[in-house]
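The primary structure of each chain is shown beneath.
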Amino acid sequence: MTPLMNIEQMWRDYCNFEQMSSKAAAKRNIDAVSRTYVHSKRASAELESCTRGLIRGATSVPLLGTVQEIQQLKIWKQFIAWEKRNPTRTESNALLVKRVLYAYEQCLLCYSHCAEIWYEAALYLQRASETGNTQFKERWAEEAAMLYERATTISLSNSPLLHFAFADFEESRLKFDKAEAIYKKLLEKKDIQPTLVFVQYMKFSRRTEGIKAARNVFKQAREDPRCSHQIYVAAALMEYNISKDKAIAYKIFELGLKKFADDPTYVLAYLDHLSHLNEDNNTRVLFEKVLATMPAEKTKEVWDKYVEFESNVGDLASLLKVEKKRAASMRGNSKMDPSQCREALLLVDRYSYLGLIPCSETELKVMEHPCAAKVDLEPASGSSGLQSTRAKDTIAETSLSGNISRPDTSHMLPFRPSATSGVGMNAVPGGHFPLPSEVAYLMSRIPPPQCFNGPFVNLNELVHLIKTSDLPSSLAPGPPDRPGKKRRAEGRDDSDDETQSSTAPPTNDIYRARQQKRAHTVNSS
């Protein structure tokens, strides 16, 4: 019943085993399980297809985000999804859950540092306990809690993601004490940034115990020097949305402003809150107060927000006044590019709205506007200077096809990465790429590198030695002579040939020595 590799051979062995005793009984027994074999054979083929290329013996190490890791996780997810489709067509829901959980456990042997696999496995058990048989409901819920416990204790003890999911799971089971213990356990770790933990802990306390408990969590967060400005924003907005008290939210924002007045992100969050309350005067006061104390290199986003605010709620005189102040501040900033302070660029910022730009992309490039490379132009009726995204893409395609030479891709080989290397394979990230055919043929003809263990010659030193050595004249390079034949050079006469032919043979002439030895043997016989 279990899909396995090479199941056909197992079926043949089983049939031979049954036929060893009685053929009648063998036929009856084989017919009884033949239908199961057909299902298992089909499932085995599907299993082999969806797990092709899977490396089951990989060592579990912290994820590096390599191409091979992504490919292997993709194959594992295909295998798990295949198990969830019930390929064996079993009618037992408990057996199906057991098979899927076993597939998750196999994957975790190789990727125990992947939070996604832990969460999906626990979530599968959680949903099975909610919709499955009441007999296994409590058991599967406890197994899901054990999975979360294993993940947050061993492999991913510093993962806020799994701790938050674990706490929500315990909260859904109305086990508030266990959920609170998870948050406290995570806050005890010294090598994490606790701001997000405090934010989620504060939301949990508000859901389970009310606004007063959430305020106590905010008090703990204020005493922790590692916390950043987000905790103040979360606490202020919670007071405004839950208790409906604008005064408390205002006090929390002001308290955070004493500590994070030079942080543009916090200041912009405070400004957004005030603008939503339609408190224009308080918003202007905050703008002037922050811009007077914040370092000039951090004020660009605040100035842009100030100009947008005056454009929406102020008159033209106040808008021009703010733009003048912004231009003076940007020119006085030594770290700001002077070309970005031109009046034309500031004019574009004044009339832009929600992605609509008052000029074409070409004009933006000519003016060297910062958003020229990433602007998303939207269609606007009645404005000839605005271009739609479709028109922009058409212009870009025309420019590319007319002015840029493109490579000939007809001779390029498709990239088919392989997990195993062989002769004629070039290792690249994610697999091995085939070499050109000529190089691959040469590499297949020569011995592999492991066959040669030395000695290794330093070619540079060898060439230098040959160049600097004083070689004797007898070893000087020249055209080789062939025995028994004469070299005829242009300009030589017959006398030269006769003189050359009358020269005595060399003493080490191997050819003549062999001829003399053969003649001596014939005469003696």
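Within each chain, residue numbers correspond to sequence positions counted from 1 in written order. Totals for whole chains, interfaces and linings use every residue, but because this is a predicted model, local features are given only for residues with pLDDT of at least 70 and side-chain atom pairs only at 80 or more, for both listing and counting. Hydrogens and water molecules were not included; the side-chain quantities draw on all heavy atoms of the structure.

What follows concerns the overall build of the chain. Helix and strand definitions follow DSSP, with helices as H or I runs of at least four residues and strands as E runs of at least two, each counted in order from the N terminus. Per the secondary structure count, the chain includes 23 helices and two strands. Between buried and exposed lies partly exposed: a residue is buried under 20% and exposed over 50% of the maximum accessible area for its type, with that area taken using a 1.4 Å probe on protein chains only. For the chain, the proportion of its 525 residues judged to be buried stands at 32%. In what follows, a contact means two residues having at least one pair of non-hydrogen atoms within 4.5 Å. Excluding contacts between residues fewer than 6 apart, the proportion of contacts in the chain whose partners are at least 24 apart in sequence is 49%. Surface accessibility of the chain: about 35000 Å² in total, with carbon and sulfur atoms responsible for 55%. Accessible surface is estimated by sampling points in the Shrake-Rupley manner with a 1.4 Å probe; for residues, cover comes only from the protein chains shown.

Let us now look at unusual backbone geometry. Across the chain, the bulk of peptide bonds are trans and the bulk of non-glycine residues have phi less than zero. Positive phi outside glycine occurs at Arg89, with the angle close to 55°. Looking at where Arg89 falls in the secondary structure, it is placed in the loop between helix H3 (67-84) and helix H4 (93-110).

You can see Ser228 is positioned in the loop between helix H10 (211-223) and helix H11 (230-243). Distance in space between the C-alpha atoms of Ser228 and Gln193 is 8.9 Å, their sequence separation being 35 residues. The contact partners of Ser228, leaving out residues within four places of it in the chain, are Gln193, Thr195 and Phe260. In the analysis that follows, any N or O atom pair within 3.5 Å is treated as a polar contact, provided that within protein one partner can donate a hydrogen and the other can accept it, and provided that, for residues neighboring in sequence, both atoms belong to side chains. Engagement of the side chain of Ser228 in a polar contact is seen with the side chain of Gln230, the distance being 2.5 Å.

Taking 1.5 Å of rise per residue, 14 residues should cover 20 Å, and helix H15 (residues 300-313) covers 20 Å from first to last C-alpha, within 8% of that figure. Val302, Trp303, Tyr306, Val307, Phe309 and Glu310 are the residues of H15 that are buried. Across the axial projection of H15, the buried residues extend over an arc of 160°, all falling on one side. Here, expected helix span is obtained from the residue count minus one, scaled by 1.5 Å. The directions from the helix axis to the C-beta atoms form the arc being described.

Time to look at helix H9 (residues 195-208). When the terminal C-alpha atoms of H9 are compared, their 20 Å separation across 14 residues agrees well with the 20 Å that a helix rising 1.5 Å per residue should span. Residues of H9 that are buried include every one of Thr195, Val197, Phe198, Val199, Tyr201, Met202, Phe204 and Ser205, and no others. Of the surrounding secondary structure, the elements contacted by the buried residues of H9 are helix H7 (160-172), helix H8 (176-187), H10 and H11. Where H9 ends, the next residue or the one after it, Gly210, has phi of about 110°, a positive value.

Below, the discussion takes up the packing of H4 against helix H5 (residues 115-131). Where H4 contacts H5, the two axes come as close as 10 Å, and the packing angle between them is 170°. Between H4 and H5, the angle falls in the class roughly antiparallel. Across the interface between the two elements, Leu96, Val97, Val100, Leu101, Tyr104, Cys107 and Leu108 from H4 touch Ile117, Trp118, Glu120, Ala121, Tyr124, Leu125 and Ala128 from H5. In the scheme used here, Gly and all other residues not listed as nonpolar or charged are polar, with Ala, Val, Leu, Ile, Met, Phe, Trp, Tyr, Cys and Pro taken as nonpolar and Asp, Glu, Lys and Arg as charged. Within the contact of H4 with H5, the residues separate by chemical class into 13 nonpolar, no polar and one charged. Angles here are taken between N-to-C directions and fall from 0 to 180 degrees, while the axes themselves are lines fitted to C-alpha atoms, restricted in helices to the stretch in contact. Roughly parallel means an angle under 35 degrees; roughly antiparallel, over 145; roughly perpendicular, 65 to 115; everything else is oblique.

To continue, consider the packing of aromatic side chains. Only Phe, Tyr and Trp rings are paired, with Trp represented by its six-membered ring, and only when their centres lie within 6.5 Å; those with planes under 30 degrees apart are stacked, over 60 edge-to-face, the remainder tilted. Inspection of the entire model under this criterion finds 19 aromatic pairs. One aromatic cluster is present, formed by Phe218, Tyr232, Tyr250, Phe253, Phe260, Tyr266 and Tyr270 through successive ring pairs. For Arg56, the ring lying beneath its charged end belongs to Phe79, and the centroid distance is 5.5 Å. Only Lys NZ and Arg CZ are tested; either one counts as a charge over a ring when it is within 6 Å of the ring centre and within 35 degrees of the ring normal.

Turning to the side chain of Arg326, a few remarks are in order. Looking at the element boundaries, Arg326 is found in helix H16 (residues 316-332). Given the relative accessible area of 2%, Arg326 is considered buried. Excluding its chain neighbours within four sequence positions, the residues that come into contact with Arg326 are Trp303, Asp304, Val307, Leu346 and Asp349.

What follows concerns the nonpolar core. In this text, buried Ala, Val, Leu, Ile, Met, Phe, Trp, Tyr and Cys residues form a nonpolar core when linked through side-chain atoms within 4.5 Å. Grouped together as the largest cluster of nonpolar side chains are 89 residues, with contacts concentrated most on Met202 and Ile231. The element that contributes the greatest number of residues to this core is H4, accounting for nine residues. Counting five residues, the second-largest nonpolar core is a separate cluster that includes Ile7, Cys15, Ile30 and Tyr37.

A few words now on the state of the cysteines. Our working definition of a disulfide is a cysteine sulfur pair at a distance within 2.5 Å. Inspection of the entire model under this criterion finds zero disulfides. Cysteine Cys107 shares no disulfide, and the gap to the nearest cysteine sulfur, in Cys114, comes to 6.9 Å. Accessibility expressed as a relative area gives 0% for Cys107, which makes it buried.

The next point concerns the packing of H5 against H7. The geometry of H5 relative to H7 is characterised by a closest axis approach of 10 Å and an angle of 10° between their N-to-C directions. As far as their axial angle goes, H7 and H5 are roughly parallel. From H5, Ala115, Trp118, Tyr119 and Gln126 reach across to H7, where they touch Leu161, Leu162, Ala165, Phe169 and Ser172. Here the contact of H5 with H7 is built from residues that sort into seven nonpolar, two polar and no charged.

For the rest of this paragraph, the subject is the confidence of the model for the chain. In predicted models, pLDDT denotes the confidence assigned by the predictor to each residue on a 0 to 100 scale. On average, the chain scores 80 in pLDDT, and the residues at 70 or more come to 79%. Taken as a whole, residues 375-401 scores under 50 in pLDDT and shows 35 contacts with residues more than four places along the chain or in a different chain. For residues 482-502, every residue scores under 50 in pLDDT, and the model assigns this stretch nine contacts once sequence neighbours within four places are set aside.

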